[in-house]
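# Tertiary structure, described
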Amino acid sequence: MTGKRVGSAVAMAAAMAFSSPAMAGEPLFGYVYTTDVMPKGKTEVEQWVTLREGQANGHFHDVKLRTEVEHGITDNFQIAGYLNSSYISANRNSVAGTTEGLDIPPAHDPARPYNRFRFDTVSAEMIWRVMSPYKKPFGLAFYVEPEIGPHERAIELKVIAQKNFLDDRLVLAANAFVEFEREHQDGETEKATQLEFDAGASYRFRPNWSFGLEYRNHNEFVGYRLGHSSQEHTAHFVGPNIHYGSQKWFFTLSALYQIHAKGYNDEQRDNIVNGRIYGDEHTRWDGIRLKVGRVF
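Because the structure is a prediction, the values reported are computed rather than measured. (Residues numbered from 1 in each chain as written. Predicted model: local features only at pLDDT ≥ 70, side-chain atom pairs only at ≥ 80, totals over all residues. Heavy atoms only, no water.)

On the secondary structure map, Gln-78 appears in strand 3 (residues 77-91). Among the residues examined, Gln-78 registers a relative accessible area of 2% and is labelled buried. A polar atom in the side chain of Gln-78 sits 3.2 Å from the side chain of Glu-125. Discounting residues that sit within four places of it in the chain, Gln-78 has contacts with Val-37, Met-38, Glu-70, His-71, Glu-125, Met-126 and Ile-127. (Helix = DSSP H or I, 4+ residues; strand = E, 2+ residues; numbered from the N terminus. Buried < 20%, exposed > 50% of the residue type's maximum accessible area, 1.4 Å probe, protein only. Polar contact = N/O pair within 3.5 Å; in protein donor to acceptor, adjacent residues only side chain to side chain. Contact = heavy atoms within 4.5 Å.)

Turning our attention to the pairing of strand 7 (residues 170-185). As defined by bridge partners, strand 6 (residues 152-165) adjoins strand 7 across 14 bridges and the pair is classed as antiparallel. Note on strand 7: the bridge partner recorded for Leu-157 is Val-178. Counting the residues in the hairpin turn of strand 6 and strand 7 gives 4 residues, including Leu-166, whose phi is positive at 55°. Of the pairings in the sheet, the one linking strand 7 to strand 8 (residues 188-206) comprises 16 bridges and is antiparallel in character. Among the inter-strand pairings, Ala-174 is bridged to a residue of strand 8, identified as Ala-199. (Pairing = 2+ DSSP bridges.)

It is worth spelling out a negative patch on the surface at this point. Residues Glu-100, Glu-183, Asp-186, Glu-188, Glu-190, Glu-267, Asp-270 and Asp-280 make up a contiguous surface patch of negative charge. Only strand 8 and helix 2 (266-270) provide two or more residues apiece to the negative patch. Position of Asp-270 relative to the elements: it lies in helix 2. Overall, the relative accessible area of 56% leaves Asp-270 in the exposed class. (Patch = residues over 30% accessible without salt bridge, like charges linked within 9 Å, V, L, I, M, F, W, Y side chains within 5 Å. Areas by Shrake-Rupley, 256 points an atom, 1.4 Å probe, with all protein chains shown as cover. Salt bridge = Lys/Arg side-chain N within 4 Å of Asp/Glu carboxyl O. Lys, Arg positive; Asp, Glu negative; His and termini not counted. Charge placed at Lys NZ, Arg CZ, Asp CG, Glu CD.)

Let us now look at the sheet that holds strand 1 (residues 43-53). If you walk around this closed barrel you meet the 12 strands as 1-2-3-4-5-6-7-8-9-10-11-14, and the pairing is antiparallel. Averaged over neighbouring strand pairs, the angle between their axes works out to 20° when direction is ignored. (Axes fitted to C-alpha atoms, helices over the stretch in contact; angles between N-to-C directions.)

Take the nonpolar core next. With 9 residues, the main nonpolar core is built from Tyr-33, Val-37, Trp-48, Ala-80, Tyr-82, Ile-127, Ala-141, Tyr-143 and Ile-160. Of all the elements in the fold, those that place two or more residues in this core are strand 3 and strand 5 (139-148). Among residues more than four places away in sequence, those in contact with Tyr-82 are Tyr-33, Trp-48, Arg-66, Thr-67, Glu-68, Thr-121, Val-122, Ser-123, Glu-125 and Glu-145. (Core = buried A, V, L, I, M, F, W, Y, C linked by side-chain atoms within 4.5 Å.)

When you line up the elements, Lys-158 lands in strand 6. Between the alpha carbons of Lys-158 and Phe-197 there is a distance of 9.8 Å; along the sequence they are 39 residues apart. Polar side-chain contacts of Lys-158 include one of 3.2 Å to the side chain of Glu-156.

Summed over all chains, the structure comprises 10 salt bridges. Taking the shortest distance from any N to any O, the salt bridge between Asp-103 and Lys-64 comes out at 2.7 Å. A residue pair is termed long-range when its members are at least 10 positions apart, and Asp-103 in the loop between strand 3 and strand 4 (114-131) and Lys-64 in strand 2 (residues 59-74) qualify at 39 residues. Using a relative accessible area of 22% as the deciding quantity, one classes Asp-103 as partly exposed. One salt-bridge network, held together by shared partners, links Asp-62, Lys-64, Asp-103, Arg-118 and Asp-120.

What follows concerns the packing of aromatic side chains. Under the definition given, this model contains 10 aromatic pairs. Ring geometry for Trp-209 against Phe-251: centres 6.0 Å apart, planes inclined by 80°, an arrangement best described as edge-to-face. One end of the pair, Trp-209, is in strand 9 (residues 209-222); the other, Phe-251, is in strand 11 (residues 249-263), with 42 residues separating them in the sequence. Residue classification places Trp-209 among the partly exposed residues on the basis of a relative accessible area of 27%. Consider the rings of Tyr-244 and Phe-251, whose centres lie 6.2 Å apart with planes at 25°: the pair is stacked. Among the residues examined, Tyr-244 registers a relative accessible area of 18% and is labelled buried. Classification of Phe-251 as partly exposed rests on a relative accessible area of 21%. By way of ring pairs, the aromatic residues Trp-209, Tyr-244, Trp-249 and Phe-251 are connected into one cluster. Positioned over the ring face of Tyr-143 is Lys-158, at 4.6 Å from the centre of the ring. For Lys-163, the ring lying beneath its charged end belongs to Phe-165, and the centroid distance is 5.6 Å. (Phe/Tyr/Trp six-rings, centres within 6.5 Å; stacked < 30°, edge-to-face > 60°. Lys NZ or Arg CZ within 6 Å of the ring centre and 35° of its normal.)

This is the structure:
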């Protein structure tokens, strides 16, 4: 009887370890958000490194660095602050074989390579979870992120949905968000609206380890309008991710590849090569993202 009880206890412990949900607040995905937030009184520090790699010609490397501190105000309301910077290295990356386009200042000489580290913006984040997927049929949360920097101001509004299956081992999540941005650089001011739909699936295949797939559909519009007449382009991305989470720290690695894009005006269509859009918009790998975090 003693041996049977020990065996049953071991089996139960293994089952609980395998079926336990991810640590609250940790990201299963590189891009898609879930409704998980930090518990009341808990603080987490995250470092993001995102590589946006490859354009039409030459070389293009855009490394985005994002340092985040997030804190649980209640079990359903989280705030966070971000410091955003980037390093760009490009040479003859455009469709025309010149050095210009994405995150390269318009005043830069397109006949010369571009290499620069810069501070971009600071931003704040607020997530309010109105339904938890662990207590309700599905999870629902709302997200607000204002952002400000020397050349850019923006505000992002997001709706987050989550559904769990198989004792929380399988997580499905979907996001819809709109971002209004204003960029002023080299005497030029540009206003734009971003509309995006993201979705992902993540499966915990062993304790602490999850594997998943993500999809993004990004749409950009001229000015602060949403409508076909003002739309500039649409682009689609897909790729895998892997996540590890322990009691105190985690990492998530994801990679998204541009699979298709469509331009809605001559300028945008001119920046499409082999069905992918470049120019001021996107890269071939858009991008490869690593998140590392620790809970305190």
